[in-house]
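So the chains spell out like this:
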Amino acid sequence: MNLNEILHHHQPCRLCRISVEDVSVTREGEALLSHVSLHMHCGRLTALVGPNGAGKTTLIRALLGQTPYTGRVRHQDAQGRHLGNIRTGYVPQHFPFDRQMPVTVEDLMAGVLSRRPVWLGVSAPVRAHIREQLTLAHGEALLKRRLGALSGGELQRVLLALALDPLPDLLILDEPVSGVDQNGQGMFLELVEELVHSHHLAVLLVTHDWALVRQYADDVVLLDKTVRADGSPEEVFASDAFSELFPAVRR
């Protein structure tokens, strides 16, 4: 198999990974994370699961550079060589805004992507760029829609379009389909799956939905202040640690 075939094959390309190495976070003497180590490979979706208070949000904030930590987070190639700073995209669980405001998708994205005040109008180059980003997220038809009129799934596609600019090395999805109907959940995660394979993104999906983990995750990390188990969904669900932390979940 030549390099081009490797890059376009749906198996893990193994050409790069985001390595979390011995990461710990302490606040006021309390260990929020303790010696967390894991890999997120490009071209694969890793699900991060764990009980409430397990440190999932703390780990996300560490990966986003929003909280101090000890240890290292590195972007590496297959030989472990450093590939430079990590470009990280983030789709939050909630995006609070006033649904009565007359703000369109174009207004929101122009405000984020351009330094020009939106009330001065959106330039043609910026509008073309917004269309390109929305097309990546299958949301091109949403350009002129008012934010408050969007469904939960449509809003998440807009937030995904923003997270993909610039195209990240690591895409973090924090409970992205909570509150979205079942059809919208499937559409969003199938889109993410498409992006994982077409652009070889490393994706970290935080979720409590076991059905989604089984259907979409390539790898699973079970977190409870530290990594309790990792591997395929089947391996993690069959682990003693999962049974201990989620005794009521049918495996």
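The paragraphs below set out a description of the structure included in this document. Treat the numbers as computed from the prediction; the structure is a model and nothing was measured.

## Details of the side chain of Ser19
Next, step 1: The residue Ser19 is located in strand 1 (residues 16-27) in this model.
Next, step 2: Residue classification places Ser19 among the buried positions, given a relative accessible area of 0%.
Next, step 3: Of note is the side chain of Ser19, whose polar atom sits 3.3 Å from the side chain of Arg17.
Next, step 4: In this structure the side chain of Ser19 is engaged in a polar contact, spanning 3.4 Å, whose partner is the side chain of His39.
Next, step 5: Not counting the four nearest positions on each side in its chain, Ser19 is found in contact with Leu38, His39, Arg72, Val73, Arg74 and Gln76.

## Examining the nonpolar core
Next, step 1: The biggest cluster of nonpolar side chains holds 52 residues, and the ones touching the most others in it are Leu160 and Leu222.
Next, step 2: Excluding residues that lie within four positions of it along the chain, Leu222 makes contacts with Val49, Gly50, Val227, Arg228, Ala229, Val236, Ser239, Ala241, Phe242, Leu245 and Phe246.
Next, step 3: In terms of nonpolar packing, the next biggest core, distinct from the first, is built from 20 residues, Leu48, Leu59, Ile60 and Leu63 among them.

## Re helix 6 (residues 182-199)
Next, step 1: For helix 6, built from 18 residues, the straight-helix expectation of 26 Å at 1.5 Å per residue is met to within 8% by its first-to-last C-alpha distance of 26 Å.
Next, step 2: By the burial criterion, the buried members of helix 6 are Gly184, Gln185, Gly186, Phe188, Leu189, Leu191, Val192, Leu195 and Val196.
Next, step 3: The secondary structure elements touched by the buried residues of helix 6 are strand 3 (44-49), helix 4 (124-136), helix 5 (152-163), strand 6 (170-174), strand 7 (202-206) and helix 7 (210-216).
Next, step 4: Once helix 6 ends, the next one or two residues include His200, with phi positive near 55 degrees.

## Some details on helix 5
Next, step 1: In a regular helix each residue adds 1.5 Å, so 12 residues correspond to 16 Å; helix 5 covers 16 Å between its end C-alpha atoms and thus fits that length.
Next, step 2: By the criterion of burial, helix 5 is predominantly enclosed, with 11 of the 12 residues buried.

## Description of the sheet that holds strand 4 (residues 70-77)
Next, step 1: An order of 2-1-4 is seen for the 3 strands of this open sheet, with the pairing classed as antiparallel. Edge positions in the sheet fall to strand 2 (30-41) and strand 4, since each of these pairs with one other strand and no more. Taking each pair of neighbouring strands and ignoring which way they run, the sheet shows an average axis angle of 5 degrees.
Next, step 2: Helix 2 (residues 56-63) contacts strand 1, strand 2 and strand 4 of the sheet and is inclined by roughly 65 degrees relative to strand 2.

## Observations concerning the environment of Leu159
Next, step 1: When you line up the elements, Leu159 lands in helix 5.
Next, step 2: In contact with Leu159, not counting residues within four places along its chain, are Val91, Pro92 and Phe95.

## A few points about the packing of aromatic side chains
Next, step 1: For the structure on display, the rule yields 6 aromatic pairs.
Next, step 2: Plain terms: the ring middles of Phe95 and Phe97 are 5.7 Å apart, the flat faces sit at 40 degrees to each other, and that makes the pair tilted.
Next, step 3: The class of Phe97 is partly exposed, set by a relative accessible area of 25%.
Next, step 4: Judged by centre distance (4.9 Å) and plane angle (70 degrees), the ring pair of Phe237 and Phe242 falls under edge-to-face.
Next, step 5: Among the residues examined, Phe237 registers a relative accessible area of 3% and is labelled buried.
Next, step 6: Through a chain of ring-to-ring contacts, three or more aromatic side chains come together here, namely Trp210, Phe237, Phe242 and Phe246.

## Some points on the pattern of salt bridges
Next, step 1: One pass over the structure, following the stated rule, counts 10 salt bridges.
Next, step 2: Between Arg81 and Asp77 there is a salt bridge, and its shortest N-O distance comes to 2.7 Å.
Next, step 3: Asp169 is the salt-bridge partner of Arg87, the closest N and O atoms lying 3.3 Å from each other. Taken together, the residues span a long stretch of sequence, with Arg87 in the loop between strand 4 and strand 5 (88-91) and Asp169 in the loop between helix 5 and strand 6 at a distance of 82 residues.
Next, step 4: Here the salt bridges do not stand alone but share partners, grouping Glu21, Arg72 and Arg74 into one network.

So, how was this worked out
- Residues numbered from 1 in each chain as written.
- Predicted model: local features only at pLDDT ≥ 70, side-chain atom pairs only at ≥ 80, totals over all residues.
- Heavy atoms only, no water.
- Helix = DSSP H or I, 4+ residues; strand = E, 2+ residues; numbered from the N terminus.
- Buried < 20%, exposed > 50% of the residue type's maximum accessible area, 1.4 Å probe, protein only.
- Polar contact = N/O pair within 3.5 Å; in protein donor to acceptor, adjacent residues only side chain to side chain.
- Contact = heavy atoms within 4.5 Å.
- Core = buried A, V, L, I, M, F, W, Y, C linked by side-chain atoms within 4.5 Å.
- Expected span 1.5 Å × (residues − 1).
- Pairing = 2+ DSSP bridges.
- Axes fitted to C-alpha atoms, helices over the stretch in contact; angles between N-to-C directions.
- Phe/Tyr/Trp six-rings, centres within 6.5 Å; stacked < 30°, edge-to-face > 60°.
- Salt bridge = Lys/Arg side-chain N within 4 Å of Asp/Glu carboxyl O.

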